[in-house]
Amino acid sequence: MTQAEIKLCSLLLQEHFGEIVEKIGVHLIRTGSQPLRVIAHDTGTSLDQVKKALCVLIQHNLVIYQVHKRGVVEYEAQCHRVLRMLRYPRYIYTAKTLYSDTGELIVEELLLNGKMTMSAVVKKVADRLTETMEDGKTMDYAEVSNTFVRLVDTHFVQRCPLVPATENSDTGPPPPAPTLVISEKDMYLVPKLSLIGKGKRRRSSDEDATGEPKAKRPKQTTDNKEPIPDDGIYWQANLDRFHQHFRDQAIVSAVANRMDQTSSEIVRTMLRMSEVTTPSGAPFTQPLSSNEIFRSLPVGYNISKQVLDQYLTLLADDPLEFVGKSGDSGGGMYVINLHKALGSLATATLESVVQERFGSRCARIFRLVLQKKHLEQKQVEDFAMIPAKEAKDMLYKMLSENFISLQEIPKTPDHAPSRTFYLYTVNILSAARMLLHRCYKSVANLIERRQFETKENKLDACEIQVDETIFLLESYIESTMKRQ
Amino acid sequence: MKGSDNQEKLVYQIIEDAGNKGIWSRDIRYKSNLPLTEINKILKNLESKKLIKAVKSVAASKKKVYMLYNLQPDRSVTGGAWYSDQDFESEFVEVLNQQCFKFLQTKAETARESKQNPMIQRNSSFASSHEVWKYICELGISKVELSMEDIETILNTLIYDGKVEMTIIAAKEGTVGSVDGHMKLYRAVSPIIPPTGLVRAPCGLCPVFDDCHEGGEISPSNCIYMTEWLEF
């Protein structure tokens, strides 16, 4: 974990959970997996507090535990999961656009509480929605349950791993920490619950009299004494699915920018059809036949089959290479080249950063070296049509910032500089990593400044925008690493 | 060539062999094995007789190459259409760049407005390099005559600007503008993503980014770029 990432994690943990959790969390990120007593000893906090902090972190899926040999339980922090906390607003906003306010509140509750049972979520969301409705109206549990089931069906919410049910309970003392398992098919299985009820409005008279809340509280706890039917079945937000959705959004908007609205709708349909069939790290989606696509187009779009075929051919021939043709059965089989799409998006991000930081002539040189792979100094000047002095200056500036690197090709075994070729080249993966690191540091800076200023609005929005860049670069790096 | 001795004849022969690329004085020395002082005397002699001339090379401005008097120097020496008197003409290139881009842009606009089926729309938004060349010639903004290759180098710079994309299609030998059986087509395009999130924060463009850390001289709390940016 780099310094910038650790700083960012520490800021995020502090904002969301407080000092103690931050101390424990950062210690775990820095030192890797450690048992309980060592954590308490090294950070100088009491065992009790460490336990509570670890509880919070495990509840939010930020720390995992493992039982090693000799019965020692070690805790390990998931740094990348902590960094996802930056993206919570985007997840909630996505749920809102797809499933309106009910979906938004469900996802918000799940993210804020880590894991929850379905009945608890439904009750809480219904209560919150009821408060915002007009007097006299209440939110029915059934409607919230329906939205919850829809979220599960589209895989945005998944079950947490459970303690496996052991039949023979006399196999000796239980292990110090249970190993949690979940099978693939159970992950999206909603238990049959009949949640009947309506959201309760919080009585406004609670705030008036001081004596009354005390009397009301015992009454509310007696309501919850009835056994919860789905105890032990916890749900969490499925972040990978959200990421898949963001990736699809980015691809669709790229196609819309490069071509037109109809092409982007076709690509969106193709992506929607492969949502649940394609694993998240795959470089290509499953092949889809043109007939299937025609049937699945959204209802409002009436374009003829011929026009659809033309659009598909155009998409497949486009230099962008987002869509490829993989066969001719069923009117033409088409796949979406996800890895290529992420690569193009990451490259476009790099180009955009170079353009904004150094100017459009530098961007021209950068794109030139990107396309031609390896170029000599003289060739750069000739192709880009920029005077030699300026071209040299720009190349060295980009070289110093590590966007461009030099490749030496010696003519003689002694590598004498006058007899060596020096070629400029762009290594996209390493440039992407460098930029990602810069993004993390930028977000940490923004958070610090925000805390310093206490003026909120502009900085929050900006953090989210930087996070978009983080998402594109991370997806590309992940996808490239998977292919190697 | 009366009145010149064998050495002069030899040097003259070497220079003639070099054609319109010219030859450097050191190379003449290697080829003829004559000492430097002799070479210089002969070259001065030949120049005064107006049989050879010296041309400054654009690649290395101190180097002088010699060629026969009545030959036109080759493009690689003078730099071609983009150099006038050893100076690279940046504004000329810029103007041509913008004109070509505008031409392609309007072509793409009209194609999009026509709202026919997508194949035709796309094909009509392409322009071949020959079309662009004709347009630029007709505009008459260039004092120097430009060839189709020159226009193609300008169009390539537009590709590196990310504003234009190119495809090559096979064309019959006889069609106008085709070279060796294929034609290059160009089309104006728009970028696939808007300016990325990182550059909207002051940190994305900050020149002293690497020196910045909390508690130092330059830190997020006292960053002047952020103060300016928050003023809006």
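Residues numbered from 1 in each chain as written. Chains lettered and ligands numbered in written order. Predicted model: local features only at pLDDT ≥ 70, side-chain atom pairs only at ≥ 80, totals over all residues. Heavy atoms only, no water.

- Under an unreviewed UniProt entry, the name given to chain B is DNA-directed RNA polymerase III subunit RPC6, and the source organism is Cervus elaphus hippelaphus.
- Under the UniProt heading Sequence similarities (unreviewed entry), the entry covering chain B gives this text: "Belongs to the eukaryotic RPC34/RPC39 RNA polymerase subunit family."
- UniProt, in its Function (unreviewed entry) section for chain B, records the words "DNA-dependent RNA polymerase catalyzes the transcription of DNA into RNA using the four ribonucleoside triphosphates as substrates. Specific peripheric component of RNA polymerase III which synthesizes small RNAs, such as 5S rRNA and tRNAs." (UniProt positions renumbered as here; feature names shortened; annotations may be inferred.)

- For chain A, the name recorded in an unreviewed UniProt entry is DNA-directed RNA polymerase III subunit RPC3, with Cervus elaphus hippelaphus as its organism.
- According to its UniProt record, chain A has this under Subcellular location (unreviewed entry): "Nucleus".
- The UniProt entry for chain A carries the following text under Sequence similarities (unreviewed entry): "Belongs to the eukaryotic RPC3/POLR3C RNA polymerase subunit family."

## Quick notes on the UniProt feature "domain: RNA polymerase III subunit RPC82-related helix-turn-helix" (unreviewed entry) in chain A
- This chain's UniProt record puts "domain: RNA polymerase III subunit RPC82-related helix-turn-helix" (unreviewed entry) on residues 7–66 of chain A.
- For the annotated span residues 7–66 of chain A, helix accounts for 75% and strand for 10% of the residues, and the straight-line distance between the end C-alpha atoms is 26 Å. (Helix = DSSP H or I, 4+ residues; strand = E, 2+ residues; numbered from the N terminus.)

## Examining the domain arrangement of chain B
- Domains assigned within chain B are domain 1 (2–74), domain 2 (88–188) and domain 3 (199–231).
- Using only C-alpha atoms to locate each centre, domain 2 of chain B and domain 3 of chain B end up separated by 43 Å. (Domains from an automatic or database assignment.)

## A closer look at the sheet that holds strand β7 (residues 288–289) of chain A
Residues and elements named next belong to chain A.
- Strand order in this open sheet of 3 strands is β7-β9-β8, and the pairing throughout is antiparallel. For this open sheet the edge positions go to β7 and β8 (323–327), each flanked by a neighbour on one side alone.
- Pairing geometry for β7 and strand β9 (residues 333–336), over 2 bridges, is antiparallel. In the strand pairing of β9, Ser-289 is matched with Met-333. (Pairing = 2+ DSSP bridges.)

## A word on the environment of Glu478(A)
Residues and elements named next belong to chain A.
- One can find Glu-478 in helix α19 (residues 457–483).
- You can call Glu-478 partly exposed: its relative accessible area is 46%.
- Separated by 197 residues in sequence, Glu-478 and Gly-281 place their C-alpha atoms 8.2 Å apart. (Buried < 20%, exposed > 50% of the residue type's maximum accessible area, 1.4 Å probe, protein only.)

## Observations concerning the pattern of salt bridges
Residues and elements named next belong to chain A.
- What the rule picks out here adds up to 30 salt bridges over all chains.
- For Glu-321, the salt bridge identified is with Lys-340, shortest N-O distance 3.5 Å. In this pair, Glu-321 is assigned in the loop between α13 (305–317) and β8 and Lys-340 in helix α14 (residues 338–358), connecting sequence segments 19 residues apart.
- Beyond isolated ion pairs, a larger network of salt bridges with shared partners links Arg-84, Arg-87, Asp-467 and Glu-474. (Salt bridge = Lys/Arg side-chain N within 4 Å of Asp/Glu carboxyl O.)

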